[in-house]
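# Coordinate analysis (summary)
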Amino acid sequence: MGFPLITAYFGEHDLSIAIICDQVMFVLLSTVGIIAAVKGNPSDTGGVKVSLLIKRLFAFPPFIGCVSALFLSKFIDLQVAEPFINKLTATVGPLALFSVGLQLKFKGWKQQISQLSMAMLYKLVIAPGLVLCIAIIMGIKGDIARISIFEAAMPTLITSALLQSSFG
């Protein structure tokens, strides 16, 4: 949902900033997130393995797509396929929301209200506040600062849910 919101609020020309923010968040989630998931799993006593982190990072399809796009664009002209790719990517957002919606289970959410509250507090207040403080300290202004703060409040729902279910 982040990219359509960035396009609606800031314009399509600023989407590249949001993509870079998402890639940074992906790397953090693939490393620090996995470490936190392994440490948080009481049944896993093996600890964090660097090989697992590297394997997860390099096997994640968005990372492969990003690296491929960076390198293949120098050698292959994909403008012929652009209309098809545009139509295909238009279906990704609604399909992801529909797929996630089908998996929603509202049973037992009242028992987890404190965890939900803390997660929402972090994602909607603390994370954007930290990015705002960093932007002020570093003197970053304009679209980069605004979009970075906006992206800090965007949830990483699908990837974090996959991590949570993978590590229990």
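Placed above this text is the structure.
Along each chain, residues carry numbers from 1 onward, in the same order as the chain's sequence is written. With pLDDT at 70 or above as the cut-off, local features in this predicted model cover only qualifying residues; side-chain atom pairs require 80 or more to be listed or tallied, and sums for whole chains, interfaces and linings still use all residues. As a rule here, side-chain values cover all heavy atoms of the structure and leave hydrogens and water aside.

### Concerning the overall build of the chain
Numbering of helices and strands starts at the N terminus; helices are DSSP runs of H or I of at least 4 residues and strands are runs of E of at least 2. Scanning the chain from N- to C-terminus turns up nine helices and zero strands. When the helices and strands of the chain are listed from N to C terminus, the series reads α-α-α-α-α-α-α-α-α. Throughout this description, buried means an accessible area under 20% of the type-specific maximum (1.4 Å probe, protein chains only), exposed means over 50%, and partly exposed covers the range between. Put simply, the chain has 168 residues, and 18% of those count as buried. Contacts: residue pairs with any heavy atoms within 4.5 Å of one another. When contacts within the chain are restricted to residue pairs at least 6 apart in sequence, those whose partners lie at least 24 apart make up 65%. When the accessible surface of the chain is totalled, it reaches about 12,500 Å², and 72% of it is carbon and sulfur. Here the Shrake-Rupley method, with its probe set to 1.4 Å, supplies the accessible areas, and only the displayed protein chains count as covering residues.

### Re a nonpolar patch on the surface
A contiguous nonpolar patch, built from Met118, Met120, Leu121, Tyr122, Leu124, Val125, Ile126 and Leu130 and spanning about 770 Å² of accessible area, is present on the exposed surface. Take Ile126: it is sitting in helix H7 (residues 113-138). Candidates for patches are residues over 30% relative accessible area with no salt bridge; among them, like charges are joined within 9 Å and nonpolar side chains (Val, Leu, Ile, Met, Phe, Trp, Tyr) within 5 Å. For this document, the term salt bridge refers to a Lys or Arg side-chain nitrogen within 4 Å of an Asp or Glu carboxyl oxygen.

### A closer look at the packing of H7 against helix H8 (residues 143-152)
Contact pair H7 / H8: the axes reach a minimum separation of 8 Å and the direction vectors enclose 155°. Between H7 and H8, the angle falls in the class roughly antiparallel. For the pair H7 and H8, the sense of crossing is right-handed. Across the interface between the two elements, Lys123, Ala127, Pro128, Val131, Leu132 and Ala135 from H7 touch Ala145, Ser148, Ile149 and Ala152 from H8. Throughout, an axis means a line fitted to C-alpha atoms (over the contacting stretch in the case of helices), and angles, computed between N-to-C directions, take values from 0 to 180 degrees. Angles are sorted into four bins: roughly parallel if under 35 degrees, roughly antiparallel if over 145, roughly perpendicular if 65 to 115, and oblique for all others. Left-handed describes a crossing in which the near helix is turned anticlockwise from the far one by less than a right angle; the clockwise case is right-handed.

### With respect to the packing of aromatic side chains
Pairing of aromatic side chains requires ring centres within 6.5 Å, counting the rings of Phe and Tyr and the six-membered ring of Trp. Pairs whose planes differ by under 30 degrees are stacked, by over 60 edge-to-face, and all others tilted. Scanning all chains against the criterion turns up two aromatic pairs. Between the aromatic rings of Phe10 and Phe150, the centroid separation amounts to 5.4 Å while the plane-to-plane angle is 85°, which identifies the pairing as edge-to-face. Of the two residues, Phe10 is situated in helix H1 (residues 2-10) and Phe150 in helix H8; the sequence distance between them amounts to 140 residues. Under the relative-accessibility criterion, Phe150 is labelled partly exposed at 22%. Taken together through their ring pairs, the aromatic side chains of Tyr9, Phe10 and Phe150 make up a single cluster.

### Comments concerning the packing of H1 against H8
Here H1 crosses H8 at 145°, and the two axes come no closer than 11 Å. In the crossing of H1 with H8, the sense of the turn from one axis to the other is right-handed. Here H1 contributes Gly2, Leu5, Ile6, Tyr9 and Phe10 to the contact with H8, which in turn contributes Arg146, Ile147, Phe150 and Glu151. Partitioning the contact of H1 with H8 into residue classes produces six nonpolar, one polar and two charged. Under the grouping applied here, Gly and all other residues not named as nonpolar or charged are polar, the nonpolar ones being Ala, Val, Leu, Ile, Met, Phe, Trp, Tyr, Cys and Pro and the charged ones Asp, Glu, Lys and Arg.

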